[in-house]
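Close look at the chain arrangement
Here is how the chains run, residue by residue.
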Amino acid sequence: LKRRRAAPRVGHLDPARRGSGMKLSLYHHGGGGSKRSSSIADPNEAAAKPSSVLLDRVKQSVSASAAGSRSQQDGDNMRETSSTVMLERTNPLPVSEEDNPKVAASKAIAILSKQEKDGYCAIEAASVYGAAVAMPQIARSAGWPGTFLTLVIRIYGFLLLNFLLQGFLLSMIGEEQLMWYPFAGKMHLCDFGSNIKDCPDAPNCKGPLGTEYSAPRLYDYDIWSTRIFVKDSLKAIFPDKAEELDKSVDPGEYGMENYYCRTACIFLFMLAVVDDLKGTWSLAKTLLKVPNAAESWISYDIPTWGTKDDIKTIQDYGELDFVSFKVAGIPLHWKLINLLFIMAPKLALWFALVKSGVHYLMETAGIVDVIVNAMALTFVLEVDEMVFQRFSTSLTKHIMMNMENLPNFSTEEEEEETEQHALERFVNTELGAGRWRKLSMVIPMNLLLVIVLQAVFMYEYYLRNCNRHADGSWVSKSMTLPASLNYRPFQLMFGFEGERESEEFWVMPD
C-alpha cells in the first residue's frame, strides 16, 4: 500500500471502467520476499465476503503509511518518500509455476474470446452519431433538466450539420463524375491499358482512339486530351494538310499505368471505410438487444464496501467519480427515432461514399494519383468526428468518454471456476488434437468482408460503365452528355446519371 503526496492510495481505479471492471490492487507479502498483486473484482460483491476485515487492515495500513511518509527539502528541491505496508498472502497459488502460464492463457482465451464473439452493446464515443443516441437517453433518465435538454438540441443541430456537409461533399463528387467528366470528353477508364506489357497479343491493348498501346504512347487523360486538342487545332488551321497531320502527329492513347496498383488502392480504401460500417452494425445490435424499457443511463453510485469518506480517501475520489453513465434500456419509440433519423442516414451516406469512391478510383489512371486519392476520400467519413470534437461542450465529451458499454456475454463461469478446472479445459481444447480445431481462426472475417465488399462494388462499376469484348477486354460504354445541369443532390450522391442527350460524343472504334 503506497501513499503519495497528501492522499493515500491503495490502488488505481480507471473511472471509465468503474462498475464493470473495478479493481482494488493490493500487495501481498509471500515467502521469499516476492510480491504478487491480488484484486477484488467488484467491491460491491466484496461486501458479502469477509471484506470488513480487509477494510480494517486497509485503514490501518493507510494510517501507518501516513505516519511513515516524509517530505524532505534538499536545497531548493523537494523530495518525497513513500512507505509500503505489506499484507501477508492468504491464498497461495493452487498450481505449479510450470502450469501458471497455462492457467493465465486459459482465462485470457476464454474471456477475450467471448468479448470477440459477442461484443458489447456500445455506441461511438467520439462521434456525433453516438452522442445523438446517448444524450437524449441521459436527459430522459434525469427528467429532462434544462442543461441536458439544451445539449440534446445542440447535438441534433450538429447531427443535421454533419448530414448536410457529408451529403454535399458526396454530391460534388458525383457532379464531377457524372457531369463534368463527359463535358471534358472523358470516357470511362474501365481496363484501358491494363495489359500494356503484353501488348499487342493480349486483351485491353486498344485505346479509346482505336490504336494499339505502347509504353511511349500512354498518357493520363489531361495530357492526352491536350495533345488531341493541339492536333485538332492544327487541322482546323491547315485543313489542306489534314491528311499529313494525321500521319505525322500522334496524340498517343489514354489508359491506366498499373492495374494492380489500382486494385490494391481500392482494397486499402475499403479497409479504411469498413470500420464505419461496423460502427453502424454495432449501433443496430445495440438498438436490437437493449431492453425496450425506459431504464436509466445515469446514476450516482457509492460502493458498499466502505463509507463515502473512506472511499474518497482510499481511491482518491471526488464527487464526479461517483456519477456513472452506462448503456441501458431504450423505449421503443426512441429506438424507432434512432433507427430512422440516425442509423438509416448514416448507412446511406456510407453506401454513397463507397460507391462514389470506388468509381472515382476506378477512373484514376496515374499510380501516384490513385494512391493519394484512396486515402483522401476517407476524409468524408471523418466529418462527424470533427464536428463532435470541435463543437461539443466538455460536459458532452466527458459523458461520452465515460460511457460504460453493456456486455452481451457473461464471465460468471470463468470467474467461479477453479484454477485446476481452467487448466484442464486449456489442455483439452488448446493442446494436443484440440489445437487443430482452432485453425478456422486463421482467416480473419474482417478480411473476407473487405474482399467481398471490394468485389461487389468493382463489379457494379464494370456492369454500369463498361462493355466486355469477345477477347476479354473491358472498354467504356458509349458516352453521352447530361441533358441538364440542374443540381439534384440525392441523384448525384448515389451515382444516378439522370436524363442524357441522345447523341453520343464518343464510341469505341472497331
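Being a predicted model, the structure only gives us computed values, none of them experimental. (Residues numbered from 1 in each chain as written. Predicted model: local features only at pLDDT ≥ 70, side-chain atom pairs only at ≥ 80, totals over all residues. Heavy atoms only, no water.)

1. Focus: the state of the cysteines
The test is simple: By disulfide we mean two sulfur atoms from cysteines, separated by a distance within 2.5 Å. Note on classification: 1.4 Å probe, protein chains only; a residue is buried when its accessible area is under 20% of the maximum for its type, exposed when over 50%, partly exposed between these limits.
In the structure shown here, the tally under the stated rule is 2 disulfides. Linked covalently through their sulfurs, Cys 199 and Cys 205 form a disulfide whose S-S length is 2.0 Å. Judged by the torsion about the S-S bond (-100°), the Cys 199/Cys 205 disulfide is left-handed. Judged on exposure class, the residue Cys 199 and its partner Cys 205 are both buried. Each bonded cysteine of the chain is numbered by sequence order, and under that numbering the disulfide pairs are 1-4, 2-3. In this structure Cys 261 is a free cysteine whose sulfur lies 4.1 Å from that of Cys 265, the closest cysteine sulfur available.

2. Some remarks on the packing of aromatic side chains
Going by this rule: We call Phe, Tyr and Trp rings a pair once their centres come within 6.5 Å, taking the six-membered ring for Trp, and we label the pair stacked below 30 degrees between planes, edge-to-face above 60, and tilted otherwise. Numbering of helices and strands runs from the N terminus; a helix is a DSSP stretch of H or I covering at least four residues, while a strand is a stretch of E covering at least two. Look at NZ for Lys and CZ for Arg. If either is within 6 Å of the ring centre and within 35 degrees of the ring normal, a charge sits over the ring.
Within the structure shown, the criterion is met by 17 aromatic pairs. Their ring planes at 90° and their centres at 6.5 Å tell us that Phe 192 and Trp 506 sit as a pair that is edge-to-face. Taken together, the residues Phe 192 in the loop between helix H5 (146-183) and strand S9 (218-219) and Trp 506 in strand S18 (residues 500-506) connect sequence positions 314 residues apart. Trp 506 matches Phe 192 in its accessibility class, with the two residues each being buried. Aromatic rings pair up to connect Trp 350, Phe 351, Phe 457 and Phe 494 into one cluster. If you follow Lys 186 out to its NZ or CZ, it ends over the ring of Tyr 181, 4.2 Å from the centre.

3. Notes on the confidence of the model for the chain
The cut-off we apply is this: One confidence number per residue, pLDDT, is output by the predictor and ranges from 0 to 100. Only heavy atoms enter the contact rule, under which two residues are in contact if any of them lie within 4.5 Å.
Of the residues in the chain, 82% reach a pLDDT of 70 or more, and the chain-wide mean stands at 84. Segment residues 1-50 is flagged for pLDDT under 50; beyond a separation of four residues in sequence, or across chains, it makes 112 contacts in the model. Contacts of residues 69-83 to residues separated by more than four positions or lying in other chains number 23 contacts, the stretch itself having pLDDT below 50.

4. What about the nonpolar core?
When a protein is soluble and globular, its nonpolar side chains tend to lie buried together. For clarity, the cut-off: For our purposes a nonpolar core is just a set of buried Ala, Val, Leu, Ile, Met, Phe, Trp, Tyr and Cys residues, chained together by side-chain atoms within 4.5 Å.
Core analysis: the largest hydrophobic core is formed by 89 residues, its most contacted members being Met 270, Trp 297, Val 358 and Met 403. In this structure Met 270 touches Val 354, Val 358, Val 450, Leu 453, Gln 454 and Phe 457, once residues within four positions along its chain are discounted. Ranked by size, the runner-up nonpolar core spans 5 residues in total, among them Trp 305, Ile 314, Tyr 317 and Phe 322.

5. A short note on the layout of surface pockets
Put simply, the rule reads: Points on a 1 Å grid, built from protein atoms alone, make a cavity when a 1.4 Å probe fits but cannot get out and make a pocket when they are open with protein on both sides within 12 Å along at least 5 of 7 lines; residues with an atom within 4 Å of a point are the lining residues. Grid points are joined across faces, edges and corners, and a volume is the space filled by probe spheres set on the points. Three categories are distinguished: nonpolar for Ala, Val, Leu, Ile, Met, Phe, Trp, Tyr, Cys and Pro, charged for Asp, Glu, Lys and Arg, and polar for the others, with Gly belonging to the last.
By volume, the second largest pocket is sized at about 860 Å³. The wall of the second largest pocket is formed by 24 residues, among which Glu 116, Lys 278, Trp 281, Lys 285 and Asn 446 lie closest to the centre. For the lining of the second largest pocket, the secondary-structure elements that each account for two or more residues are helix H3 (100-118), helix H8 (259-289) and helix H16 (445-465). Of the residues forming the lining of the second largest pocket, the biggest block, 7 residues, is contributed by H8. Its residues assigned to classes, the lining of the second largest pocket comprises 11 nonpolar, 7 polar and 6 charged.

6. Some words on the packing of helix H4 (residues 128-141) against helix H10 (residues 332-362)
Cut-off, in case you're wondering: Simply put, an axis is a line fit to the C-alpha atoms, just over the touching stretch for a helix, and the angle between two N-to-C directions goes from 0 to 180 degrees. Relative orientations are named as follows: roughly parallel for angles under 35 degrees, roughly antiparallel for angles over 145 degrees, roughly perpendicular for angles from 65 to 115 degrees, and oblique for any other angle.
Here H4 crosses H10 at 170°, and the two axes come no closer than 10 Å. As the angle between them shows, H4 and H10 are arranged roughly antiparallel. Along the contact surface, H4 presents Tyr 129, Ala 132, Val 133, Pro 136, Gln 137 and Arg 140, while H10 presents Trp 334, Asn 338, Ile 342, Lys 346 and Leu 349. Here the contact of H4 with H10 is composed, by residue class, of 7 nonpolar, 2 polar and 2 charged.

7. Description of the side chain of Asn 465
Our working rule: Nitrogen and oxygen atoms within 3.5 Å of one another constitute a polar contact, given that in protein one can donate a hydrogen and the other can accept it, and given that sequence-neighbouring residues count only through two side-chain atoms.
Residue placement: Asn 465 occurs in helix H16. Polar contacts involving the side chain of Asn 465 include one to the side chain of His 188, which spans 3.4 Å.

8. So, the environment of Pro 345
Note that Pro 345 resides in helix H10. Distance in space between the C-alpha atoms of Pro 345 and Gly 167 is 9.9 Å, their sequence separation being 178 residues. Apart from the residues lying within four places of it in its own chain, the contact partners of Pro 345 are Phe 163 and Leu 340.

9. Focus on the sheet that holds strand S12 (residues 323-326)
Note the threshold: In this analysis, strands are considered paired if DSSP registers two or more bridges between them.
Ordered by their spatial adjacency, 3 strands build an open sheet running S11-S12-S13, and the pairing between neighbours is mixed. Where the open sheet ends on each side, the last strands, each with one partner, are strand S11 (298-300) and strand S13 (403-404). Pairing analysis gives 3 bridges linking S11 to S12, with the strands arranged antiparallel. Among the inter-strand pairings, Ile 298 is bridged to a residue of S12, identified as Phe 325.

10. Section: the packing of H8 against H10
Relative to each other, H8 and H10 sit at 175°, their axes nearing to 11 Å. Between H8 and H10, the crossing angle belongs to the class labelled roughly antiparallel. Among the residues making up the contact of H8 with H10, the classes are represented as 20 nonpolar, 4 polar and 4 charged.

11. Here's the deal with unusual backbone geometry
Going from Cys 199 to Pro 200, the amide bond is cis rather than trans, its omega being 15°. Looking at the secondary structure, you find Pro 200 in the loop between H5 and S9. Residues other than glycine seldom take positive phi values, yet Cys 190 does so here, at roughly 50°. Here Cys 190 lies in the loop between H5 and S9.

12. Brief notes about helix H15 (residues 419-430)
The following threshold applies: A helix is expected to reach a length of 1.5 Å times the quantity of its residues less one. As used here, the arc belongs to the directions running from the helix axis to the C-beta atoms.
Helix length check: H15, at 12 residues, gives a terminal C-alpha distance of 16 Å against a target of 16 Å (1.5 Å per residue), a fit within 8%. Of all the positions in H15, only Ala 422, Leu 423, Phe 426 and Glu 430 are classed as buried. For H15, the buried positions fall inside an angular range of 100° around the axis, keeping them on one side. Where H15 is buried, its residues contact H3.

13. Examining the pattern of salt bridges
Let me state the cut-off plainly: By convention in these notes, a salt bridge is any Lys or Arg side-chain nitrogen within 4 Å of a carboxyl oxygen on Asp or Glu.
This model, assessed by the stated rule, comprises 14 salt bridges. Note that Lys 247 and Glu 243 form a salt bridge whose closest N and O atoms lie 3.8 Å from each other. Residue Lys 247 and its partner Glu 243 are both found in helix H7 (residues 242-248); the two are separated by 4 residues, about one turn of the helix. With respect to burial, Lys 247 and Glu 243 carry one shared label: exposed. The partner of Lys 312 in a salt bridge is Glu 319, and the shortest N-O contact between them spans 2.6 Å. Among the residues examined, Lys 312 registers a relative accessible area of 25% and is labelled partly exposed. One salt-bridge network, held together by shared partners, links Lys 107, Glu 417 and Arg 425.

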